[in-house]
Amino acid sequence: MEPPPPPPPPGQFQSPHPGLPAPPSAGEAVASMVLGILAIFPFCAFGIVLGPLAFLLGQSALRQIRASGGTVGGAGMAEAGRVLGIISTVLWLLGALVFALVLVVGVSSSVTR
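Summarised in this report is the structure supplied together with it.

The rules behind these values
- Residues numbered from 1 in each chain as written.
- Predicted model: local features only at pLDDT ≥ 70, side-chain atom pairs only at ≥ 80, totals over all residues.
- Heavy atoms only, no water.
- Helix = DSSP H or I, 4+ residues; strand = E, 2+ residues; numbered from the N terminus.
- Buried < 20%, exposed > 50% of the residue type's maximum accessible area, 1.4 Å probe, protein only.
- Contact = heavy atoms within 4.5 Å.
- Areas by Shrake-Rupley, 256 points an atom, 1.4 Å probe, with all protein chains shown as cover.
- Core = buried A, V, L, I, M, F, W, Y, C linked by side-chain atoms within 4.5 Å.
- Axes fitted to C-alpha atoms, helices over the stretch in contact; angles between N-to-C directions.
- Parallel < 35°, antiparallel > 145°, perpendicular 65-115°, else oblique.
- Left-handed = near helix turned anticlockwise from the far one by under 90°.
- Expected span 1.5 Å × (residues − 1).
- Patch = residues over 30% accessible without salt bridge, like charges linked within 9 Å, V, L, I, M, F, W, Y side chains within 5 Å.
- Salt bridge = Lys/Arg side-chain N within 4 Å of Asp/Glu carboxyl O.

In terms of regular secondary structure, the chain is built from three helices and zero strands. Ordered by position from the N terminus, the helices and strands of the chain form the series α-α-α. The buried share of the chain, reckoned over its 113 residues, is 21%. Expressed as a percentage of contacts within the chain between residues at least 6 apart in sequence, the contacts between residues at least 24 apart total 70%. Surface summary for the chain: the accessible area is close to 8000 Å², and the carbon and sulfur share equals 75%.

Have a look at this one:
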């Protein structure tokens, strides 16, 4: 019988199961995170489309990951895509609201002169 491996040096982490690979990430989880990152950039004109798409792909990926029983990973990426999708959609809607208010105020002030 082999003796157990020595403990790691202080301040270093040792995996409880060395050598076991992580489960493969769901493709939809990766796509959700990438679309969420792209949607959050202010110069991205397609953010209003990419945000909801990132959210929906993240939802689908999380469902797939939970149903897999641990054979598929990527829950963190799927969650990040969902959150970024929500944030970008809310920011786009707020931007559209501000634009509409500025437009209405500008038109109404030019009509009253």
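The next subject is the environment of Leu62. Position of Leu62 among the secondary structure elements: in helix α2 (residues 47-68). We classify Leu62 as buried; its relative accessible area is 5%. With 14 residues separating them in the primary sequence, Leu62 and Gly76 have C-alpha atoms 9.1 Å apart. Setting aside residues up to four positions removed in sequence, Leu62 forms contacts with Ala75, Ala78, Glu79 and Arg82.

Counting six residues, the largest nonpolar core is built from Ala26, Ala29, Ala61, Leu62, Ile65 and Ala78. The greatest single-element share of this core, amounting to three residues, is contributed by α2. In this structure Ala61 touches Glu28, Ala29 and Ala78, once residues within four positions along its chain are discounted. Judged by nonpolar contacts, the second largest core, of five residues, contains Leu35, Ala39, Cys44 and Leu50.

Where α2 contacts helix α3 (residues 75-111), the two axes come as close as 7 Å, and the packing angle between them is 155°. Viewed along their axes, α2 and α3 adopt a mutual orientation that is roughly antiparallel. The element α2 and its partner α3 pack so that their crossing is left-handed. From α2, Gly47, Ile48, Gly51, Pro52, Ala54, Phe55, Gly58, Gln59, Ala61, Leu62 and Ile65 reach across to α3, where they touch Ala75, Ala78, Glu79, Gly81, Arg82, Gly85, Ile86, Ser88, Thr89, Trp92 and Leu93.

What follows covers α3. The end-to-end C-alpha distance of α3, which contains 37 residues, comes to 54 Å, matching closely the 54 Å that a straight helix rising 1.5 Å per residue would cover. Of the surrounding elements, those touching the buried residues of α3 are α1 (27-40) and α2.

As a further point, take a nonpolar patch on the surface. Where nonpolar side chains cluster on the molecular surface, the patch consists of Val83, Ile86, Ile87, Val90, Leu91, Leu94, Leu97 and Leu101 and spans about 690 Å² of accessible area. One can find Val83 in helix α3. What makes Val83 partly exposed here is its relative accessible area of 38%.

Right, let's talk about the environment of Thr89 for a bit. Position of Thr89 among the secondary structure elements: in helix α3. By relative accessible area, which is 18% here, Thr89 ends up buried. Remark: the alpha-carbon pair of Thr89 and Leu53, spanning 36 residues in sequence, is separated by 9.9 Å. Sequence-distant contacts of Thr89, defined by excluding residues within four places in its chain, comprise Gly51 and Pro52.

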